[in-house]
Amino acid sequence: MQTTEKRVLVGMSGGIDSSAVCLMLQEQGYEVVGVTLRTWDVPSHFSTPGQEEPDEVLEARSLARRLGIEHHVADVREEFRNVIVRYFIDEYLRGRTPNPCVLCNPLFKERVLCEWADRTGCACIATGHYCRLVDKDGYRYIVTGDDSTKDQSYFLWKLPQTILRRMIFPLGGMTKTDVRTYLAEKGFEAKARGGESMEICFIDKDYREFLKEHCPDIDERIGPGWFVDSKGLKLGQHKGFAYYTIGQRKGLEIALGKPAYVLKINPAKNTVMLGDAEQLKAEYMLLEDVSIINREELLACPELSVRIRYRSRPIPCRVFPLENGHLLVRFLAEASAITPGQSAVFYDGNRVLGGGFIAFQQGIRKLAQEYAENI
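Everything numeric in this text was worked out from a predicted model, so none of it was measured. (Residues numbered from 1 in each chain as written. Predicted model: local features only at pLDDT ≥ 70, side-chain atom pairs only at ≥ 80, totals over all residues. Heavy atoms only, no water.)

Caption draft 1: The arrangement of helix H3 (residues 77-93) in detail. Taking 1.5 Å of rise per residue, 17 residues should cover 24 Å, and H3 covers 22 Å from first to last C-alpha, within 8% of that figure. The sharpest bend along H3 measures roughly 30 degrees and falls at Arg 86. Along H3, the residues classified as buried are Phe 80, Ile 84, Val 85, Tyr 87, Phe 88, Ile 89, Glu 91, Tyr 92 and Leu 93. Residues of H3 that are buried sit in contact with helix H4 (100-120), helix H8 (207-214), helix H9 (218-221) and strand S17 (351-358). Following H3 by one or two positions, Gly 95 adopts a phi angle in the positive range, close to 85 degrees. (Helix = DSSP H or I, 4+ residues; strand = E, 2+ residues; numbered from the N terminus. Expected span 1.5 Å × (residues − 1). Bend = angle between axes of the 7 residues up to and from the residue. Buried < 20%, exposed > 50% of the residue type's maximum accessible area, 1.4 Å probe, protein only. Contact = heavy atoms within 4.5 Å.)

Caption draft 2: Fine view of the packing of H3 against H8. Running from N to C, H3 and H8 point in directions that differ by 110 degrees, and their axes come no closer than 11 Å. Our classification of the angle between H3 and H8 gives roughly perpendicular. Along this stretch, H3 crosses H8, giving a crossing that reads as left-handed. Contacts between H3 and H8 involve Arg 81, Val 85, Phe 88, Ile 89 and Tyr 92 from the first element and Tyr 207, Phe 210, Leu 211 and His 214 from the second. Among the residues forming the contact of H3 with H8, the class breakdown is seven nonpolar, one polar and one charged. (Axes fitted to C-alpha atoms, helices over the stretch in contact; angles between N-to-C directions. Parallel < 35°, antiparallel > 145°, perpendicular 65-115°, else oblique. Left-handed = near helix turned anticlockwise from the far one by under 90°. Nonpolar A, V, L, I, M, F, W, Y, C, P; charged D, E, K, R; others polar.)

Caption draft 3: Geometry of the layout of surface pockets. Approximately 960 Å³ is the volume attributed to the second largest pocket. Every residue lining the second largest pocket is counted, 30 residues in all, and those nearest its centre are Leu 263, Lys 264, Gln 361, Ile 364 and Arg 365. Elements that contribute at least two residues to the lining of the second largest pocket include exactly strand S10 (261-266), strand S11 (271-275), strand S12 (281-292) and helix H11 (364-370). For the lining of the second largest pocket, the per-class residue count stands at 14 nonpolar, ten polar and six charged. (1 Å grid on protein atoms, 1.4 Å probe; cavity = no way out; pocket = protein on both sides within 12 Å on 5 of 7 lines; lining within 4 Å. Points joined across faces, edges and corners; volume = space filled by probe spheres on them.)

Okay, structure coming up:
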């Protein structure tokens, strides 16, 4: 099919944001094509007995009919399970805390959208992410959205240039309230009052229950282990390292007479180290699987900052590249709860320069001493 510049593919989730995107692009003269990815059937998303498709598919299809736009449903459940859900489970089994949304965007959602855009003759793809795009020195960068409470730039750091150059983010300059008001004014009052989507789209319960359901032998594979202190002394038994994450305080089910936090997880020994909040603080961090848009710019950036979890404040930092491709990061302000498996995303002001996954921090002190003069 011949591709046209004014034909755009919208990832339609059936929710508030993607619905507003369809309306806006139509008003701007685009020929909108919608595709809804059926990735995972959450039981709570089937509102009526005997319903064969989840609510989001039905809502997206209904909106497409009302707007008179072409709509498709991509049933990618098997691939989603094999790629994203498998990664989610495997990371916990490795003693890490996964970022499924970060991996899902480049490896799955946006990749599938690009394939459907090619199939339907669309030059661009649009989503309801609250972020913007800017071109600089021949590269395309993600920029934080104007609504700081909804900004989703943190989850998109791994998107390659090939995808970014095809993307449109119509909601980047709006707040969530603006979007709701816009929909109501256009006659979509019920949609404007809709609720928020889940942070992890395939989990509608505690992640520990999800692990047990989709990895039934998890307790046999891991089993109970020991809580230990920073000196290795046993404090009591835990249920298995996969059920804990760095920085966790609640749900430990151990009484030590004072607040205790998870400091480290050792999957090889099935131990979970506990300590106080002060012991969670870190001056350095080690990153792996790094993806940087312009490496020279990152290393020379005078105002470089890093976010180590979604909605956390940016922390001023410096970075030093290691021979194995990892990055050693030095924090220039207080940082706490460095969590292996989570994303660390670099910013120059509000512009995303790239990121990496937080690695296990073994040997970090030695590395910090070795490269102290360089960083």
